[in-house]
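Structural features, examined
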Amino acid sequence: MLLNWIAGILILAAGAWLFISRDWRWNLGAAAIQYLAAFWLVQASWPLAASAVKLITGWMACAAMGITLASAKTESGAEHDWREGGLFRLFAVALASLTAFILAGSASAWLGIPLPITWGSLTMMAVGLLLIGMTTRPLRVILGLLTLLAGFEIIYAAIESSALVTAAQALITLGLALVGAYFLVAAREEPPQ
Amino acid sequence: MSASILWIFLPILAGAFLLFLRNQRWTAFVASGLSFVLALTAWLLPIETTFALGSSAFKLSSTFEILGRRLVLTTHEQPILTLIYGAAAFWFIASPSIGKAHRLIPLGLVQIGLLVAALAVEPFLYAALLIEVAVLLTPPLLLSEGERPGRGLLRFVTFQTLAMPLILFTGWLLRGIEADPGASALIRQAAILLATGFVFLLAVFPFHTWIPLLSEEAAPYLTGFVFWIFPTSALLFAAGFIDRYAWIRTAPQLPQILSAVGALMVAAGGLLAVFQNHLGRMLGYAVILETGFSLLSLSLLDAQGVDIFFLLFVPRLIALALWALCLDILHQNTPSLTLQDLRGQLRRWPFASGGLILAHLSLAGLPTLAGFPIRLAIWEDLATLSLPLAAWALIGSLGLLAAAIRTLAALVAAPAESTWEARESWPQRLFIALGGLALFGLGAFPQWILPLLNRLPAIFEHLGG
């Protein structure tokens, strides 16, 4: 139980960092930590081997985007100082997390899932929605979608354990990462002569 | 052999194989040939019946087990398979004439295979996952090398992805409702989640913004294909929900919700089309209007409504493909698709301009064209139910008609001294002429599609029954 709470707090901290930082390396690092915490929360409902699928596909998604970004020479590191609008973003994440915590109580009772798992899942979904809603940059939109889906998968794992769904979700996670990588590559290539 | 191998896995594998074939004409020839054969076999081959092929006996089994779940294609799905693969052959065969075969066909075939899998998967709700996988194949289909992803593509991926968790979660709630059909709180929650999911999936106003944006950003023929495949699969998925779950089908609010949303989309699509200066965006708004008409036909919830729902598919396919083909020709040969840049192009590109106007007018429901008989049937049915609803549907069509007149006015506005010429290639002229003839043919003889239409509603067990 305590470890579940720690995983939830890790999700919140990584989500806040993902939302505040503009450096893609930190962004992908935060996403990888979120996947680790999500794996821990999923393994409360699933066998370890099945929940490891989530961790591996999540990390593969981060790696696919990381390799693309690292090989793109024009991509700068930190585009803006993290303090630029950082307080606003921190406040937004805090508000989203608080809302998730308030909703988690009733959702937890309704779904029959322990509170820290529900809170962690809803926090991830809220951070994902914040990311999607507040940017038009492809990398951050894709990271937002990945975060949102990973959050959903935590709750969904507690109510559905189909192998086909697990496979399809893994395919979608990797597909989204590849779409992200494709966007990043397409945006940097010179048009053919 | 399983029917799923023939109509799901074979096209997916063929799509993957065609990625490596560099010749545009061969790619189109193989893909359209395969699609045509799949359409023909869907029409002719029986499922779960032994038949002789030479000295051997064959039987297509309906069920295919995969990871503990099933893909089921029965005789009821065969007419829709005919329609889907017939339409695919139609899209693929014209693509080399505008140099789009290699971008459209391999991924397009895989998407079609996935969407057929979405129709076949059991439990039915897992279709949301397969649709999402098909969505993720769209960016490489639409983006060419060196092209930056625009806002439309990002929104498309975002909105379609947001739909998936909502629909999957509804599945869990539906199990609860099946166990306790009287649980009104659960029904309310499921209805809200499901409706929100379909609002994203069907690009219902105000989540429609990706459609006009995308049609401005990407090549028209490719966006036309995307605008055909995803709304069609989403509409079939939505109709499948209504058909399968009695609590949805019998909900007294359902016809009102469907008709209100449908009328809103028709009116918004038609009226916003009038004010567009970009022909790609006009196509986008026409797609929104078409989805609205499909929702209006579903709102009738009777056999006539289901007939109209399916009747809309064929004229929409022809008009959309012709419109997209003509737009693509103009897109490749003019600075942009704005009315300003297209002034007087009718004299240089008469086939493309003429085909564009014909397709536009057909979707607006002009008499003698393919869209008219179905529009007439919808207007008649709506008028018996609610005159304001019929009026909104008519206003939407009038909006699209006004947009067509604006387009025509721009295309014919050539200086008097300019000469007539036809710069389209012969294959382009042939496909445009065939598309135009098909629009006139179906307008004059709508009964031509009746053999297909008579079998299509069998896919729905309860709807309209």
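Cut-offs and rules
- Residues numbered from 1 in each chain as written.
- Chains lettered and ligands numbered in written order.
- Predicted model: local features only at pLDDT ≥ 70, side-chain atom pairs only at ≥ 80, totals over all residues.
- Axes fitted to C-alpha atoms, helices over the stretch in contact; angles between N-to-C directions.
- Helix = DSSP H or I, 4+ residues; strand = E, 2+ residues; numbered from the N terminus.
- Parallel < 35°, antiparallel > 145°, perpendicular 65-115°, else oblique.
- Left-handed = near helix turned anticlockwise from the far one by under 90°.
- Contact = placed C-beta atoms within 7 Å.
- Expected span 1.5 Å × (residues − 1).
- Buried ≥ 20, exposed ≤ 12 C-beta atoms within 10 Å, placed from the backbone.
- pLDDT = per-residue confidence, 0-100.
- Core = buried A, V, L, I, M, F, W, Y, C linked by C-beta atoms within 7 Å.
- Pairing = 2+ DSSP bridges.

All names here are of chain B. Relative orientation of the contacting elements helix H12 (residues 254-274) and helix H18 (residues 387-412) amounts to 25°, with a least axis distance of 7 Å. When the axis of H12 is compared with that of H18, the two are roughly parallel. Two packed elements cross with a definite hand, and for H12 against H18 that hand is left-handed. Contact residues: H12 offers Ser259, Ala263, Val266, Ala267, Gly269, Gly270, Leu271, Ala273 and Val274, while H18 offers Leu389, Trp392, Ala393, Ile395, Gly396, Ser397, Leu398, Gly399, Leu400, Ala402 and Ala403.

What follows is about the packing of H12 of chain B against helix H13 (residues 279-299) of chain B. Helix packing geometry: the angle between the two helix axes and the distance between the axes. Residue and element names in this part refer to chain B. Packing of H12 against H13 leaves a shortest axis separation of 7 Å and a crossing angle of 160°. Compared by their axis directions, H12 and H13 come out roughly antiparallel. In the crossing of H12 with H13, the sense of the turn from one axis to the other is left-handed.

Okay, the environment of Val110 of chain B next. All names here are of chain B. Mapped onto the elements, Val110 comes out in helix H4 (residues 101-120). Sequence separation of Val110 and Ala57 is 53 residues, and the distance between their C-alpha atoms is 30 Å. Sequence-distant contacts of Val110, that is, excluding residues within four places in its chain, are made with Ile12, Gly15, Ala16 and Leu137.

Further remarks concern the interface of chain A and chain B. In many analyses, interface size is given as the accessible surface area lost on bringing the parts together. If you look at the interface, chain A gives 29 residues, while chain B gives 25 residues. When residues of the side of chain A that touches chain B are traced back to their parent elements, those giving at least two are helix H6 (138-159) and helix H7 (163-188) of chain A. When residues of the side of chain A that touches chain B are assigned to their parent elements, the largest contribution, 14 residues, is made by H7 of chain A.

Look at helix H7 (residues 151-179) of chain B: 43 Å from first C-alpha to last across 29 residues, which is about the 42 Å you get at 1.5 Å a residue. Counting buried positions over the 29 residues of H7 of chain B gives 22, a clear majority of the element.

Moving on, we come to the confidence of the model for chain B. Residues and elements named next belong to chain B. Considering every residue of chain B, the mean pLDDT works out to 90; 100% of them sit at 70 or more. Averaged pLDDT values for the elements of chain B fall to 78 in strand S1 (residues 50-53) and rise to 96 in helix H16 (residues 350-364). Predicted as a complex, the structure gets a pTM of 0.92 and an ipTM equal to 0.88.

Further remarks concern the nonpolar core. Counting residues in hydrophobic clusters, the biggest one holds 244 residues, and the most contacted among them are Leu322, Leu325 and Cys326 of chain B. By residue number, the principal contributor to this core is helix H10 (residues 220-244) of chain B, which donates 16 residues.

All names here are of chain B. Sheet topology note: the S1/strand S2 (residues 56-59) ladder contains four bridges and is antiparallel. Residue pairing across strands places Ala52 opposite Ala57, the latter belonging to S2. Counting the residues that bridge the hairpin from S1 to S2 gives two residues, and of these Gly54 lies at a positive phi of roughly 70°.

We now examine the environment of Ala44 of chain A. In this fold, Ala44 of chain A is placed in the loop between helix H2 (24-42) and helix H3 (48-71). Beyond its immediate stretch of four places on either side in the chain, Ala44 of chain A contacts Asn4, Pro114 and Ile117 of chain A.

Take the sheet that holds strand S4 (residues 69-72) of chain B next. Whenever strands of a sheet pair, they do so through backbone hydrogen bonds, lying parallel or antiparallel. Residues and elements named next belong to chain B. Read across the open sheet, the three strands follow the order S3-S4-S5; overall the sheet is antiparallel. Looking along the sheet, the strands with just one partner apiece sit at the ends: strand S3 (63-66) and strand S5 (121-122). With two bridges connecting them, S4 and S5 associate as antiparallel partners. Among the inter-strand pairings, Leu71 is bridged to a residue of S5, identified as Val121.

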